[in-house]
Amino acid sequence: MKPLFAAILLSISLFSSPTFAQDYTVETYQEIFKGDNQSQQKQAIESLILAGLSDPVIYDTLEAKLIESLPLATENNAIDYSAWLVKGLGYSGNEKYSGTMNNIVQGNYHKKLKKYANQALENLDKYRKWNAILGDKSQYVADQSPRNNAFANALRCDDLELIRIAAKRIMDDRNYDEFILTTLSNELKTPRLLADDKLAIDTYANMAKALASSGNTTYRDVIENMATTSSNKKLKNYAESYLKKYY
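Note that the structure is a prediction, hence the values are computed from the model and not measured.

Conventions adopted
Residues numbered from 1 in each chain as written. Predicted model: local features only at pLDDT ≥ 70, side-chain atom pairs only at ≥ 80, totals over all residues. Heavy atoms only, no water. Helix = DSSP H or I, 4+ residues; strand = E, 2+ residues; numbered from the N terminus. Rg over C-alpha atoms; globule rule 2.2 N^0.38 Å. Contact = heavy atoms within 4.5 Å. Lys, Arg positive; Asp, Glu negative; His and termini not counted. Charge placed at Lys NZ, Arg CZ, Asp CG, Glu CD. Phe/Tyr/Trp six-rings, centres within 6.5 Å; stacked < 30°, edge-to-face > 60°. Buried < 20%, exposed > 50% of the residue type's maximum accessible area, 1.4 Å probe, protein only. Core = buried A, V, L, I, M, F, W, Y, C linked by side-chain atoms within 4.5 Å. Expected span 1.5 Å × (residues − 1). Polar contact = N/O pair within 3.5 Å; in protein donor to acceptor, adjacent residues only side chain to side chain. Axes fitted to C-alpha atoms, helices over the stretch in contact; angles between N-to-C directions. Parallel < 35°, antiparallel > 145°, perpendicular 65-115°, else oblique. Left-handed = near helix turned anticlockwise from the far one by under 90°. Nonpolar A, V, L, I, M, F, W, Y, C, P; charged D, E, K, R; others polar.

A. Broad picture of the overall build of the chain. Helix and strand content of the chain: 13 helices and zero strands. Secondary structure elements in the chain, listed N-terminal to C-terminal, are α-α-α-α-α-α-α-α-α-α-α-α-α. Scaling as 2.2 N^0.38, a compact globule of 247 residues should have a C-alpha radius of gyration of about 18 Å, and the chain matches this with 20 Å. For the chain, the spread of C-alpha atoms along the principal axes amounts to about 55 × 40 × 35 Å. Look at the contacts in the chain between residues 6 or more apart in sequence, and 66% of them connect residues 24 or more apart. Of the side-chain charges in the chain, 30 are positive and 30 negative, and the distance between the mean point of each set is 7 Å.

Here it is in C-alpha coordinates:
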(Lines give C-alpha, C1' and ligand atoms only; values in the text may rest on other atoms or scores of the structure.)
Protein backbone atom coordinates (compact mmCIF):
# COMPACT_ATOMS: atom_id res chain seq x y z
CA MET A 1 0.00 0.00 0.00
CA LYS A 2 1.34 3.42 -0.93
CA PRO A 3 2.29 5.48 2.15
CA LEU A 4 0.12 8.44 1.16
CA PHE A 5 -2.90 6.24 0.51
CA ALA A 6 -2.37 4.43 3.82
CA ALA A 7 -2.17 7.75 5.64
CA ILE A 8 -5.43 8.89 4.05
CA LEU A 9 -7.18 5.69 5.08
CA LEU A 10 -5.87 6.05 8.63
CA SER A 11 -7.06 9.64 8.77
CA ILE A 12 -10.51 8.65 7.56
CA SER A 13 -10.75 5.83 10.10
CA LEU A 14 -9.77 8.13 12.95
CA PHE A 15 -12.17 10.94 12.20
CA SER A 16 -15.24 9.18 10.86
CA SER A 17 -17.02 6.01 11.82
CA PRO A 18 -18.53 3.65 9.23
CA THR A 19 -22.26 3.21 9.48
CA PHE A 20 -21.88 -0.52 9.95
CA ALA A 21 -19.05 -0.52 12.46
CA GLN A 22 -21.06 -2.71 14.78
CA ASP A 23 -23.17 -5.86 14.69
CA TYR A 24 -26.65 -5.15 15.93
CA THR A 25 -28.56 -7.80 17.85
CA VAL A 26 -32.32 -8.31 17.76
CA GLU A 27 -32.49 -6.74 21.21
CA THR A 28 -30.43 -3.74 20.07
CA TYR A 29 -32.77 -3.13 17.14
CA GLN A 30 -35.77 -3.31 19.44
CA GLU A 31 -34.26 -0.84 21.85
CA ILE A 32 -33.32 1.59 19.08
CA PHE A 33 -36.70 1.51 17.35
CA LYS A 34 -38.58 1.91 20.61
CA GLY A 35 -36.53 5.01 21.36
CA ASP A 36 -36.60 8.49 19.86
CA ASN A 37 -33.07 8.87 18.48
CA GLN A 38 -33.76 9.27 14.78
CA SER A 39 -30.07 9.27 13.83
CA GLN A 40 -29.55 5.91 15.52
CA GLN A 41 -32.66 4.56 13.88
CA LYS A 42 -31.50 5.59 10.42
CA GLN A 43 -28.13 3.90 10.99
CA ALA A 44 -29.88 0.77 12.21
CA ILE A 45 -32.10 0.75 9.11
CA GLU A 46 -29.02 1.06 6.89
CA SER A 47 -27.47 -1.91 8.67
CA LEU A 48 -30.54 -4.05 7.89
CA ILE A 49 -29.78 -3.90 4.16
CA LEU A 50 -27.27 -6.74 4.41
CA ALA A 51 -28.01 -8.12 7.86
CA GLY A 52 -30.09 -11.07 6.68
CA LEU A 53 -32.52 -10.56 9.55
CA SER A 54 -36.25 -11.14 9.16
CA ASP A 55 -37.25 -11.58 12.80
CA PRO A 56 -40.74 -10.04 13.23
CA VAL A 57 -39.70 -8.84 16.67
CA ILE A 58 -37.48 -6.28 14.94
CA TYR A 59 -39.95 -5.25 12.28
CA ASP A 60 -43.02 -5.18 14.52
CA THR A 61 -41.24 -2.53 16.56
CA LEU A 62 -40.21 -0.68 13.40
CA GLU A 63 -43.76 -0.82 12.04
CA ALA A 64 -45.16 0.57 15.28
CA LYS A 65 -42.73 3.48 15.10
CA LEU A 66 -43.70 4.11 11.48
CA ILE A 67 -47.44 4.16 12.25
CA GLU A 68 -46.76 6.50 15.18
CA SER A 69 -44.83 8.85 12.87
CA LEU A 70 -47.40 9.12 10.08
CA PRO A 71 -49.74 11.77 11.59
CA LEU A 72 -46.70 14.05 11.91
CA ALA A 73 -45.42 13.48 8.35
CA THR A 74 -46.50 16.85 7.00
CA GLU A 75 -43.21 18.75 6.84
CA ASN A 76 -39.85 17.87 5.34
CA ASN A 77 -37.98 16.43 8.32
CA ALA A 78 -40.96 14.39 9.49
CA ILE A 79 -41.67 13.12 5.96
CA ASP A 80 -38.02 12.10 5.60
CA TYR A 81 -38.13 10.25 8.92
CA SER A 82 -41.27 8.30 7.98
CA ALA A 83 -39.72 7.52 4.59
CA TRP A 84 -36.70 5.99 6.34
CA LEU A 85 -38.95 3.85 8.51
CA VAL A 86 -41.03 2.50 5.65
CA LYS A 87 -37.83 1.80 3.69
CA GLY A 88 -36.57 -0.26 6.63
CA LEU A 89 -39.80 -2.23 6.76
CA GLY A 90 -39.17 -3.38 3.21
CA TYR A 91 -36.02 -5.18 4.34
CA SER A 92 -38.15 -7.59 6.36
CA GLY A 93 -39.16 -9.61 3.32
CA ASN A 94 -42.41 -10.28 5.18
CA GLU A 95 -45.78 -9.77 3.49
CA LYS A 96 -47.45 -9.11 6.84
CA TYR A 97 -46.24 -5.51 6.56
CA SER A 98 -47.60 -4.93 3.06
CA GLY A 99 -50.88 -3.64 4.48
CA THR A 100 -49.14 -0.76 6.24
CA MET A 101 -47.19 0.04 3.07
CA ASN A 102 -50.31 -0.06 0.91
CA ASN A 103 -52.14 2.21 3.33
CA ILE A 104 -49.40 4.80 2.75
CA VAL A 105 -49.48 4.36 -1.04
CA GLN A 106 -53.25 4.74 -1.13
CA GLY A 107 -53.52 7.34 1.64
CA ASN A 108 -53.27 11.09 1.71
CA TYR A 109 -49.52 11.31 2.22
CA HIS A 110 -46.65 13.21 0.63
CA LYS A 111 -45.45 11.90 -2.75
CA LYS A 112 -41.98 11.21 -1.33
CA LEU A 113 -43.43 8.95 1.34
CA LYS A 114 -45.60 7.19 -1.21
CA LYS A 115 -42.54 6.63 -3.40
CA TYR A 116 -40.62 4.94 -0.61
CA ALA A 117 -43.64 2.88 0.37
CA ASN A 118 -43.86 1.61 -3.22
CA GLN A 119 -40.15 0.78 -3.19
CA ALA A 120 -40.56 -1.02 0.11
CA LEU A 121 -43.37 -3.13 -1.37
CA GLU A 122 -41.07 -4.07 -4.27
CA ASN A 123 -38.29 -4.93 -1.83
CA LEU A 124 -40.42 -7.42 0.08
CA ASP A 125 -40.08 -10.05 -2.66
CA LYS A 126 -36.34 -9.45 -3.01
CA TYR A 127 -35.61 -9.59 0.68
CA ARG A 128 -37.66 -12.72 1.22
CA LYS A 129 -35.02 -14.40 -0.95
CA TRP A 130 -32.03 -12.29 0.07
CA ASN A 131 -32.48 -12.65 3.83
CA ALA A 132 -32.40 -16.42 3.41
CA ILE A 133 -29.10 -16.11 1.53
CA LEU A 134 -27.54 -13.59 3.91
CA GLY A 135 -28.58 -15.45 7.03
CA ASP A 136 -27.55 -18.91 5.82
CA LYS A 137 -25.20 -20.20 8.52
CA SER A 138 -24.06 -23.30 6.61
CA GLN A 139 -21.00 -21.44 5.27
CA TYR A 140 -20.43 -19.18 8.26
CA VAL A 141 -16.82 -18.96 9.46
CA ALA A 142 -16.69 -19.28 13.23
CA ASP A 143 -14.15 -16.55 13.89
CA GLN A 144 -15.94 -13.97 11.70
CA SER A 145 -18.67 -11.57 12.75
CA PRO A 146 -22.27 -12.09 11.58
CA ARG A 147 -21.85 -8.98 9.45
CA ASN A 148 -18.76 -10.33 7.67
CA ASN A 149 -20.38 -13.72 7.17
CA ALA A 150 -23.47 -12.09 5.67
CA PHE A 151 -21.28 -10.07 3.29
CA ALA A 152 -19.42 -13.22 2.27
CA ASN A 153 -22.70 -15.07 1.69
CA ALA A 154 -23.79 -12.24 -0.59
CA LEU A 155 -20.55 -12.27 -2.59
CA ARG A 156 -20.75 -16.05 -3.09
CA CYS A 157 -24.41 -16.17 -4.10
CA ASP A 158 -25.91 -16.36 -7.60
CA ASP A 159 -27.89 -13.12 -7.45
CA LEU A 160 -25.99 -10.38 -9.29
CA GLU A 161 -28.04 -7.56 -7.79
CA LEU A 162 -27.31 -8.72 -4.25
CA ILE A 163 -23.62 -9.17 -5.05
CA ARG A 164 -23.47 -5.63 -6.44
CA ILE A 165 -25.10 -4.21 -3.31
CA ALA A 166 -22.57 -6.06 -1.16
CA ALA A 167 -19.63 -4.75 -3.20
CA LYS A 168 -20.88 -1.17 -2.92
CA ARG A 169 -21.45 -1.56 0.81
CA ILE A 170 -17.93 -2.86 1.31
CA MET A 171 -16.67 0.40 -0.14
CA ASP A 172 -19.15 2.53 1.79
CA ASP A 173 -18.20 0.78 5.03
CA ARG A 174 -14.50 0.65 4.17
CA ASN A 175 -14.79 -2.97 5.27
CA TYR A 176 -11.36 -4.17 4.21
CA ASP A 177 -11.01 -7.13 6.55
CA GLU A 178 -8.76 -9.84 5.13
CA PHE A 179 -11.69 -12.27 5.15
CA ILE A 180 -13.79 -9.97 2.96
CA LEU A 181 -10.92 -9.17 0.58
CA THR A 182 -10.07 -12.85 0.17
CA THR A 183 -13.69 -13.65 -0.63
CA LEU A 184 -13.79 -10.85 -3.20
CA SER A 185 -10.52 -12.03 -4.70
CA ASN A 186 -11.71 -15.63 -5.05
CA GLU A 187 -14.90 -14.54 -6.80
CA LEU A 188 -13.00 -12.26 -9.19
CA LYS A 189 -10.50 -14.96 -10.12
CA THR A 190 -13.32 -17.15 -11.41
CA PRO A 191 -16.08 -14.78 -12.60
CA ARG A 192 -18.74 -17.51 -12.87
CA LEU A 193 -21.66 -15.11 -13.44
CA LEU A 194 -20.00 -12.77 -15.90
CA ALA A 195 -22.03 -12.18 -19.05
CA ASP A 196 -22.20 -9.50 -21.72
CA ASP A 197 -24.97 -7.52 -20.07
CA LYS A 198 -25.10 -4.32 -18.05
CA LEU A 199 -25.90 -5.84 -14.63
CA ALA A 200 -23.17 -8.50 -14.80
CA ILE A 201 -20.50 -6.05 -16.00
CA ASP A 202 -21.48 -3.43 -13.43
CA THR A 203 -21.48 -6.04 -10.67
CA TYR A 204 -17.98 -7.30 -11.44
CA ALA A 205 -16.72 -3.75 -11.92
CA ASN A 206 -17.95 -2.87 -8.43
CA MET A 207 -16.39 -6.01 -6.99
CA ALA A 208 -13.06 -5.13 -8.57
CA LYS A 209 -13.35 -1.56 -7.35
CA ALA A 210 -14.12 -2.76 -3.82
CA LEU A 211 -11.03 -4.96 -3.84
CA ALA A 212 -8.77 -2.32 -5.36
CA SER A 213 -10.04 0.50 -3.13
CA SER A 214 -8.56 -1.33 -0.15
CA GLY A 215 -5.14 -0.38 -1.52
CA ASN A 216 -3.92 -3.79 -0.34
CA THR A 217 -1.12 -4.81 -2.72
CA THR A 218 -1.64 -8.50 -1.91
CA TYR A 219 -4.58 -8.40 -4.30
CA ARG A 220 -3.12 -6.16 -6.98
CA ASP A 221 -2.40 -9.13 -9.25
CA VAL A 222 -6.12 -9.96 -9.33
CA ILE A 223 -6.89 -6.51 -10.72
CA GLU A 224 -3.89 -6.69 -13.08
CA ASN A 225 -5.12 -10.03 -14.40
CA MET A 226 -8.54 -8.54 -15.09
CA ALA A 227 -6.93 -5.58 -16.85
CA THR A 228 -4.91 -7.84 -19.16
CA THR A 229 -6.95 -11.01 -19.68
CA SER A 230 -10.64 -10.24 -19.15
CA SER A 231 -12.79 -11.18 -22.11
CA ASN A 232 -14.87 -8.06 -21.55
CA LYS A 233 -13.42 -4.81 -22.83
CA LYS A 234 -15.37 -2.63 -20.40
CA LEU A 235 -14.13 -4.64 -17.43
CA LYS A 236 -10.58 -4.40 -18.71
CA ASN A 237 -10.90 -0.63 -18.87
CA TYR A 238 -12.38 -0.47 -15.38
CA ALA A 239 -9.56 -2.60 -14.01
CA GLU A 240 -6.91 -0.40 -15.68
CA SER A 241 -8.43 2.68 -14.09
CA TYR A 242 -8.50 1.05 -10.64
CA LEU A 243 -4.82 0.17 -10.94
CA LYS A 244 -4.00 3.82 -11.56
CA LYS A 245 -6.28 5.16 -8.86
CA TYR A 246 -5.65 2.80 -5.94
CA TYR A 247 -2.13 1.42 -6.33
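Now that the structure is up, let's keep going.
B. Fine view of the packing of aromatic side chains. In total, this model carries seven aromatic pairs according to the counting rule given. Judged by centre distance (5.1 Å) and plane angle (70°), the rings of Tyr 127 and Trp 130 are edge-to-face. Of the two residues, Tyr 127 and Trp 130 are both situated in helix α7 (residues 111–134); the distance of three residues between them amounts to about one turn of the helix. Side by side, Tyr 127 and Trp 130 carry an identical accessibility label, which is buried.

C. Quick peek at the nonpolar core. Counting 73 residues, the largest nonpolar core has Phe 33, Tyr 59, Val 86, Leu 188, Leu 211 and Ile 223 as its most contacted members. Setting aside chain neighbours within four positions, we find Val 86 in contact with Leu 66, Met 101, Ile 104, Leu 113, Tyr 116, Ala 117 and Ala 120.

D. View of helix α11 (residues 198–212). Taking 1.5 Å per residue, 15 residues should reach 21 Å; α11 reaches 21 Å between its end C-alpha atoms and fits that length. With eleven of its 15 residues buried, α11 lies for the most part within the structure. All of the buried residues along α11 are Ala 200, Ile 201, Thr 203, Tyr 204, Ala 205, Asn 206, Met 207, Ala 208, Ala 210, Leu 211 and Ala 212. Among the residues of α11, the N-terminal cap falls to Asp 197, whose side-chain oxygen and the backbone nitrogen of Leu 199 are separated by 3.1 Å.

E. View of helix α5 (residues 76–90). Taking 1.5 Å of rise per residue, 15 residues should cover 21 Å, and α5 covers 21 Å from first to last C-alpha, within 8% of that figure. Taken across its 15 residues, α5 has twelve buried, putting it largely inside the fold. Residues Ala 78, Ile 79, Tyr 81, Ser 82, Ala 83, Trp 84, Leu 85, Val 86, Lys 87, Gly 88, Leu 89 and Gly 90 constitute the buried set of α5. The secondary structure elements touched by the buried residues of α5 are α3 (38–47), α4 (56–69), α6 (98–106) and α7.

F. View of the packing of helix α2 (residues 26–34) against α3. Viewed as axis vectors pointing N to C, α2 and α3 meet at an angle of 140°, and their least axial separation amounts to 9 Å. By the angle class used here, α2 and α3 are oblique. In this structure, the crossing between α2 and α3 has a hand that is left-handed. Facing Tyr 29, Ile 32 and Phe 33 of α2, the residues of α3 in contact are Gln 40, Gln 41, Ala 44, Ile 45 and Ser 47. Of the residues belonging to the contact of α2 with α3, the class tally is five nonpolar, three polar and no charged.

Bear in mind that shape data such as this cannot, by itself, settle questions of function.
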